[in-house]
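# Structural overview for review
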Amino acid sequence: MKTDIKKHASLLIGIFILYLAIRYWDGAVDILVLAVSAASPLIIGAVIAYILNILMSFFERHYFTKSSAKWVKGSRRIACMCLAFLSLIGIVALIIGIVVPELVNCTKHLFAEVPAAVMNLLAYLEKNEMIEQYVVMLEEYLVDNFSGMEDKLMSGAQSVLSGVGGVMSSIVSVVGSAFSSVVTFLVAVIFSIYILLGKEKLGAQARKLVSTYCKKRADKIFYVVDALDDSFHHFIVGQCTEAVILGLLCMLGMWIFRFPYAVMIGVLIGFTALIPIAGAYIGAGVGAFMMLTESPLTALLFIVFIVVLQQLEGNLVYPRVVGSSIGLPGIWVLAAITVGGGLMGVFGMLLAVPVVAAVYKLVKADVQKRNPIEVTVTEKTEEQES
């Protein structure tokens, strides 16, 4: 009897927790949102540490590897972490240094063209004797609405006075939100530094906890975590590689077709392409705006060029570069991006591909374990088709 109770205890507890979650769903969601909000600096810091660890590990593999001096071993961790931070800051500063000045110059050029455009419009209207018609229409409108103009002005003034308090509260709210964001970011960076400095110790402690409290399932948990880590690692590397390829292809194509701002727009599109599939269109929108200052026709042709390039890259380059780096076939990459984007937007696109890759790897390994002969034949067939 005791054995049966112990056997079904976990099932009963699970059913009870599920009942509580369904019964008090709104409260559970509020608690979860509050917990995530409170822990957001730590979550952001962990994400920053995970991304920077890729650069940091690269530098550690090449930081005086043949030297056995004590100062080399003692300085390896801090030096490589600083190099990782400086590399990331340098890349962002380079992109901003290339993109922002050109964007400011284009905006100034656009506003400089506004007076001439207004004068041309007035000359066109005067030539076609349309100004007098608009003046007569304006006079008639003012006469028809003059009787109620005073009341409207008074009510408008009262609305403005009553809205001053709302504007001040909005300003205070914006300033408070900006200050909170800065503090959150600083705390996240500090937390990421602590993680990077003691990543081996933290990893060993986490494994010890899992091994202690999940003895029977510890190996499976480690296997799943390692699969997720491998997928996210290769996805980040593959996504960055794909962004560089797209930026170079865009730059090369713009040089061939003699579009202006080739270097700047190529860098911008390469940066925004870190967002899967849809990111390049963000950079393309900025590039089209800049080309609009040169010629509307040039901007239109550039949009057509970007659409064609993005279709070719999204269907040929992206599935092969990112898909091959994480071991996921191209069709599943496209499926993961489509479903993830539909569910959670840009964040869903970034999250779906590595998660699906990890699930694909785990399912494939399980199927191969259960049917080794059939899976081997299927893999050979897929290699021959590819």
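Residues numbered from 1 in each chain as written. Predicted model: local features only at pLDDT ≥ 70, side-chain atom pairs only at ≥ 80, totals over all residues. Heavy atoms only, no water.

The number of helices and strands found in the chain is 13 helices and zero strands. Going residue by residue from the N terminus, the α and β elements of the chain occur as α-α-α-α-α-α-α-α-α-α-α-α-α. Relative to its 386 residues, the chain shows a buried fraction of 24%. Taking the intrachain contacts of the chain between residues at least 6 apart in sequence as the baseline, contacts between residues at least 24 apart amount to 66%. (Helix = DSSP H or I, 4+ residues; strand = E, 2+ residues; numbered from the N terminus. Buried < 20%, exposed > 50% of the residue type's maximum accessible area, 1.4 Å probe, protein only. Contact = heavy atoms within 4.5 Å.)

Two quantities define a packed helix pair, namely the angle between the axes and the distance from one axis to the other. In the contact formed by helix α7 (residues 199-213) and helix α8 (residues 218-256), the axes pass within 9 Å of each other and the chain directions differ by 145°. Of α8, the residues touching α7 (which contributes R207, V210 and S211) are A218, I221, F222 and D226. The class makeup of the residues in the contact of α7 with α8 is four nonpolar, one polar and two charged. (Axes fitted to C-alpha atoms, helices over the stretch in contact; angles between N-to-C directions. Nonpolar A, V, L, I, M, F, W, Y, C, P; charged D, E, K, R; others polar.)

Bringing a nonpolar patch on the surface into the picture now. A cluster of nonpolar side chains, Y223, V224, L228, V339, L343, M344, F347, L351, V355, V359, V363 and V367, forms an exposed patch at the surface whose accessible area comes to about 1,000 Å². Elements supplying a minimum of two residues to the nonpolar patch: α8 and α12 (330-370). Counting through the fold element by element, L351 comes out in helix α12. (Patch = residues over 30% accessible without salt bridge, like charges linked within 9 Å, V, L, I, M, F, W, Y side chains within 5 Å. Areas by Shrake-Rupley, 256 points an atom, 1.4 Å probe, with all protein chains shown as cover. Salt bridge = Lys/Arg side-chain N within 4 Å of Asp/Glu carboxyl O.)

A few words on the pattern of salt bridges. Throughout the structure, instances matching the rule amount to six salt bridges. With its nearest N and O atoms 2.7 Å apart, the salt bridge here joins E60 to R77. One end of the pair, E60, is in helix α3 (residues 40-62); the other, R77, is in helix α4 (residues 70-127), and 17 residues separate them in sequence. Accessibility classification places E60 together with R77 in one group, the buried group. Its salt-bridge partner being D366, residue R370 comes within 2.8 Å of it at the nearest N-O pair. One end of the pair, R370, and the other, D366, are both in helix α12, four residues apart, so they sit about a helical turn from each other. D366 gets classed as partly exposed once you look at its relative accessible area, which sits at 35%. Residues joined in a network through salt bridges with shared partners are E60, R77, K199 and E200.

Moving on, we come to unusual backbone geometry. For R258, which is not glycine, the phi torsion reads 60° and is therefore positive. Looking at where R258 falls in the secondary structure, it is placed in the loop between α8 and α9 (262-272). For Y261, which is not glycine, the phi torsion reads 60° and is therefore positive.

Let us look at the nonpolar core. If you look at soluble globular proteins, the nonpolar side chains tend to sit buried side by side. Counting 27 residues, the largest nonpolar core has C250, M254, I265, I269, F302 and F305 as the members making the most contacts within it. Those elements that place two or more of their residues in this core are α4, α8, α9, α10 (279-292) and α11 (296-326). Per-element accounting of this core gives the leading share, six residues, to α9. Beyond its immediate chain neighbours, meaning those up to four positions away, F305 contacts L249, C250, G253, M254, F257 and F259. Grouped together as the second largest cluster of nonpolar side chains are 14 residues, Y63, M81, F85 and L196 included. (Core = buried A, V, L, I, M, F, W, Y, C linked by side-chain atoms within 4.5 Å.)

The geometry of two aromatic rings is summed up by the distance between their centres and the angle between their planes. Following the criterion strictly, the structure yields seven aromatic pairs and no others. Taken together, the ring pairs connect F257, F259, F302 and F305 into an aromatic cluster. Seen from the ring of F222, R207 lies directly overhead, with NZ or CZ sitting 4.5 Å from the centre. (Phe/Tyr/Trp six-rings, centres within 6.5 Å; stacked < 30°, edge-to-face > 60°. Lys NZ or Arg CZ within 6 Å of the ring centre and 35° of its normal.)

Attention now moves to the packing of helix α2 (residues 25-38) against α3. Orientation of α2 relative to α3, taken along the N-to-C sense of each, is 60°, at an axis distance of 4 Å. Classified by the angle their axes make, α2 and α3 are oblique. Of the residues in α3, those touching α2 at V36, S37 and A38 are S40, P41 and I43. Residue classes in the contact of α2 with α3 are distributed as four nonpolar, two polar and no charged. (Parallel < 35°, antiparallel > 145°, perpendicular 65-115°, else oblique.)

This part covers α2. Taking 1.5 Å of rise per residue, the 14 residues of α2 would be expected to cover 20 Å, and the 20 Å separating its terminal C-alpha atoms lies within 8% of that figure. Taken across its 14 residues, α2 has zero buried, putting it largely on the surface. (Expected span 1.5 Å × (residues − 1).)

Moving on: the side chain of E60. For E60, a relative accessible area of 16% puts it in the buried group. Apart from the residues lying within four places of it in its own chain, the contact partners of E60 are T65, R76, R77, C80 and K199.

Another aspect to go through is the environment of K73. In this structure, K73 sits in helix α4. Accessibility expressed as a relative area gives 56% for K73, which makes it exposed.

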